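One-letter residues, chain by chain:
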Amino acid sequence: MAQQLVFEAPRAKLPPRHLADLDAQARAAAVAELGLPAFRAKQLAAQYYGRLIADPHEMTDLPAAVRDAIASALFPTLLSVAKEISCDAGQTRKTLWRAVNDPSGTTFESVLMRYPQRNTICISSQAGCGMACPFCATGQGGLTRNLSTAEILEQVRAGAVALRDDFGPTQCLSNVVFMGMGEPLANYARVLAAVQRITAAPPDGFGISARSVTVSTVGLAPAIRKLADERLGVTLALSLHAPDDELRDTLVPVNNRWTTSEALDAARYYGDVTGRRVSVEYALIRDVNDQPWRADLLAKRLHGALGPLAHINLIPLNPTAGSDWDASPKDTEREFVRRVRAKGVSCTVRDTRGREINAACGQLAAENN
Ligand code: SF4
């Protein structure tokens, strides 16, 4: 039986307040509540975002007498590592996180990928997902809860720390993609705050270029337009997976709420407002959406809807254990790419990092459960 779409997260308790949940004004108020001078707020943010320290006991510029109070008020431990696996000769590392002090045993994942010219972290915005895409391990488990802004940012900080400590001080995080567990735009306010702090310069954020941050969505059209109006300059990735409503209704159930045309119109609006190219994600699935006529239709629709802003990113499906869904054969994939490009639409095939560690979103959590 088809799963229900879930837009509202269950009223599960979010973790305690953390410095990373707070903007500059709220940080100042929190420091005043502790009876500390205002400059401490900036100092704490500089330690967290600039030096990647989340334990006040390691912040040597804080008086020893106030460290305990600051730790309990603003730096609760939020995440613990439940499992960590690496592959690609150590260049890809996947972490299954467990939310600390969460009686429901909430888990979610991030993946750190090193490339010659960049270091990318793929992060989760929700524990589970309510969008019920049938080919996705996360979608099968349903939505547990939204992640807090700090839980999202802690994944980024942990990735930056791992790069610095394991690969040397010159190794920085250059790209952040919201393509892990969850639909980012269904946790809009917390994801927005996280993006603002990822892109703000220290001491207010990690200082990663907005152009190097990608927010992926399955097509929540009104939220795409809202995100465009924020003018953050981040890249939008629209997970289309089918060019026609008949197939998309089943592959991406949210299509029953906002059709392919509505999703593409919203993506066009995003491109027009931001001037950024829109990446259209297409998981290529054997005998499901990989037919030559669908390649032609995809190119035609994208050309019409997005014009020169269109870019297709084909994703060879990373099959989930026990599922009937499989990746398309390589010759089918090549023909699909050829046909799309022949119609003047730019098209690349995503590399398949982390296959042997179940790096597609939700696979490690599903295996763990
Ligand atoms: S593919 Fe993305 S939107 Fe769909 S169920 Fe999986 S995580 Fe959710």
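Every value quoted in this text rests on a predicted model; they were computed, and no experiment measured them.

### Topic: the overall build of the chain
Counting its secondary structure elements, the chain contains twelve helices and twelve strands. Against the globule reference of 21 Å for 369 residues, the chain gives a C-alpha radius of gyration of 21 Å, in line with a compact fold. Taking the principal axes of the C-alpha coordinates as reference, the chain spans close to 70 × 40 × 40 Å. Buried positions account for 56% of the 369 residues belonging to the chain. Across the chain, contacts joining residues at least 24 apart in sequence account for 67% of those joining residues at least 6 apart.

### Description of the pattern of salt bridges
In this structure the tally under the stated criterion is 17 salt bridges. The salt bridge involving D296 is made with K343; its shortest N-O contact spans 3.9 Å. Of this pair, D296 sits in helix α10 (residues 292-306) while K343 sits in the loop between α11 (330-342) and β12 (346-349), and the two are 47 residues apart along the sequence. Members of the salt-bridge network, linked through shared partners, are D296, E335, R338, R339 and K343.

### Let's talk about the nonpolar core
Formed by 106 residues in total, the largest nonpolar core has its most connected members in V176 and F178. If you tally residues by element for this core, the top one is helix α5 (residues 149-167), at eight residues. Ranked by size, the runner-up nonpolar core spans five residues in total, among them V111, M113, Y115 and V177.

### Overview of the environment of R164
Residue placement: R164 occurs in helix α5. Of the residues examined, R164 reaches a relative accessible area of 32% and is grouped as partly exposed. Between the C-alpha atoms of R164 and K330, which are 166 residues apart in sequence, the distance is 37 Å. Setting aside chain neighbours within four positions, we find R164 in contact with R51, L52, P169 and Q171. A distance of 3.2 Å separates the side chain of R164 from the backbone oxygen of R51, its partner in a polar contact.

### What to know about the packing of helix α7 (residues 221-230) against helix α9 (residues 260-274)
Following both chains from N to C, one finds α7 and α9 inclined at 0°, their axes separated by 9 Å at the closest point. Comparing their axes, α9 and α7 come out roughly parallel. Taken together, the residues of α9 that come into contact with α7 (itself represented by A221, I224, R225, L227, A228 and D229) are E262, D265, A266, A267, Y269, Y270, V273 and T274. Split into classes, the residues belonging to the contact of α7 with α9 amount to nine nonpolar, one polar and four charged.

### Some details on the pairing of strand β2 (residues 92-99)
Buried residues dominate β2, accounting for seven of its eight residues. What sits between the antiparallel neighbours strand β1 (residues 79-87) and β2 is a turn of four residues, in which D88 has the positive phi angle 50°. Here β2 runs beside strand β3 (residues 107-114); their pairing, made up of seven bridges, is antiparallel. Paired with W97 across the two strands is F108, which belongs to β3.

### Topic: the confidence of the model for the chain
Overall, the prediction assigns the chain a mean pLDDT of 92, with 94% of residues at 70 or greater. Taking the mean pLDDT of every element in the chain, the minimum, 58, falls on helix α12 (residues 363-368) and the maximum, 98, on helix α6 (residues 188-199).

### Overview of the site of the ligand
Taken together, nine residues surround the ligand, and among them C129, M131, C133, C136 and G139 come closest. Tallied by class, the residues present in the shell around the ligand amount to seven nonpolar, two polar and no charged.

What counts as what
- Residues numbered from 1 in each chain as written.
- Predicted model: local features only at pLDDT ≥ 70, side-chain atom pairs only at ≥ 80, totals over all residues.
- Heavy atoms only, no water.
- Helix = DSSP H or I, 4+ residues; strand = E, 2+ residues; numbered from the N terminus.
- Rg over C-alpha atoms; globule rule 2.2 N^0.38 Å.
- Buried < 20%, exposed > 50% of the residue type's maximum accessible area, 1.4 Å probe, protein only.
- Contact = heavy atoms within 4.5 Å.
- Salt bridge = Lys/Arg side-chain N within 4 Å of Asp/Glu carboxyl O.
- Core = buried A, V, L, I, M, F, W, Y, C linked by side-chain atoms within 4.5 Å.
- Polar contact = N/O pair within 3.5 Å; in protein donor to acceptor, adjacent residues only side chain to side chain.
- Axes fitted to C-alpha atoms, helices over the stretch in contact; angles between N-to-C directions.
- Parallel < 35°, antiparallel > 145°, perpendicular 65-115°, else oblique.
- Nonpolar A, V, L, I, M, F, W, Y, C, P; charged D, E, K, R; others polar.
- Pairing = 2+ DSSP bridges.
- pLDDT = per-residue confidence, 0-100.
- Near = heavy atom within 4 Å.

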